[in-house]
Amino acid sequence: AAPEIEVAMQLGNYARKEAEGVNAFCMRAYADAFETLPYTLAENAGLNPISIVTELRNAHAKGSKQFGVNVRKGCVTDMQEENVVQPLLVTLSAIKLATETVVMILKIDDIVLSR
């Protein structure tokens, strides 16, 4: 969940500072969606998802970008030190597929104008 929370934070910051109008709203919603991954992971592991995601956000805000949810220890730890790796291709494919799906739904519903 370390990459997802980092993407959520960076995208959320960009949306608040740089984007305007509908684009900013869509970017913030997209960033919020990334936070559901660590939340769901913590919840499925029987942990308190709100405190875990809050702790994870705080760790990333302090610059600990490798921190993620450690379901075995029930806390947030440095995933690199724990030798937990996540294949980049898997993450990129999941993000791309999810993004394409949402864009298609938004186009069908005429919520966002297609470009």
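Conventions and cut-offs
- Residues numbered from 1 in each chain as written.
- Predicted model: local features only at pLDDT ≥ 70, side-chain atom pairs only at ≥ 80, totals over all residues.
- Heavy atoms only, no water.
- Salt bridge = Lys/Arg side-chain N within 4 Å of Asp/Glu carboxyl O.
- Helix = DSSP H or I, 4+ residues; strand = E, 2+ residues; numbered from the N terminus.
- Buried < 20%, exposed > 50% of the residue type's maximum accessible area, 1.4 Å probe, protein only.
- Expected span 1.5 Å × (residues − 1).
- Axes fitted to C-alpha atoms, helices over the stretch in contact; angles between N-to-C directions.
- Parallel < 35°, antiparallel > 145°, perpendicular 65-115°, else oblique.
- Contact = heavy atoms within 4.5 Å.
- Nonpolar A, V, L, I, M, F, W, Y, C, P; charged D, E, K, R; others polar.
- Core = buried A, V, L, I, M, F, W, Y, C linked by side-chain atoms within 4.5 Å.

### Quick notes on the pattern of salt bridges
Per the counting criterion, the structure on display carries three salt bridges. Note that Glu6 is salt-bridged to Lys65, the shortest N-O span being 3.2 Å. Here Lys65 lies in the loop between helix H4 (49–61) and strand S1 (67–70) and Glu6 lies in helix H1 (residues 2–17), a separation of 59 residues in the sequence. Judged by relative accessible area, Lys65 falls into the partly exposed class, the value being 41%. In this structure, Arg57 and Glu35 form a salt bridge, with 2.8 Å as the shortest nitrogen-oxygen distance. Taken together, the residues span a long stretch of sequence, with Arg57 in helix H4 and Glu35 in the loop between helix H2 (21–34) and helix H3 (36–44) at a distance of 22 residues. Since its relative accessible area comes to 32%, Arg57 is described here as partly exposed. Looking at Glu35, the relative accessible area reads 18%, which means it is buried.

### Describing helix H5 (residues 88–108)
Given a rise of 1.5 Å per residue, 21 residues ought to cover 30 Å, and the 30 Å separating the end C-alpha atoms of H5 matches this to within 8%. One or two positions beyond H5, positive phi appears at Asp110, with a value near 55°.

### Focus on the packing of H2 against H3
Working note: a packed helix pair is described by the angle between its axes plus the distance between those axes. Running from amino to carboxyl end, H2 crosses H3 at an angle of 25°, the nearest separation of the two axes being 4 Å. Regarding the angle of H2 to H3, the classification is roughly parallel. Across the interface between the two elements, Asp32, Ala33 and Phe34 from H2 touch Thr36, Leu37 and Pro38 from H3. Considered class by class, the residues forming the contact of H2 with H3 number four nonpolar, one polar and one charged.

### Section: the nonpolar core
Grouped together as the largest cluster of nonpolar side chains are nine residues: Ala1, Ile5, Ala42, Leu47, Ile52, Val53, Leu56, Val69 and Val76. No other element matches the three residues that H4 contributes to this core. Beyond its immediate stretch of four places on either side in the chain, Val69 contacts Ala1, Pro38, Leu41, Leu47, Ile52, Leu56, Cys75 and Met79.

None of the figures reported here should be taken as evidence of function without further support.
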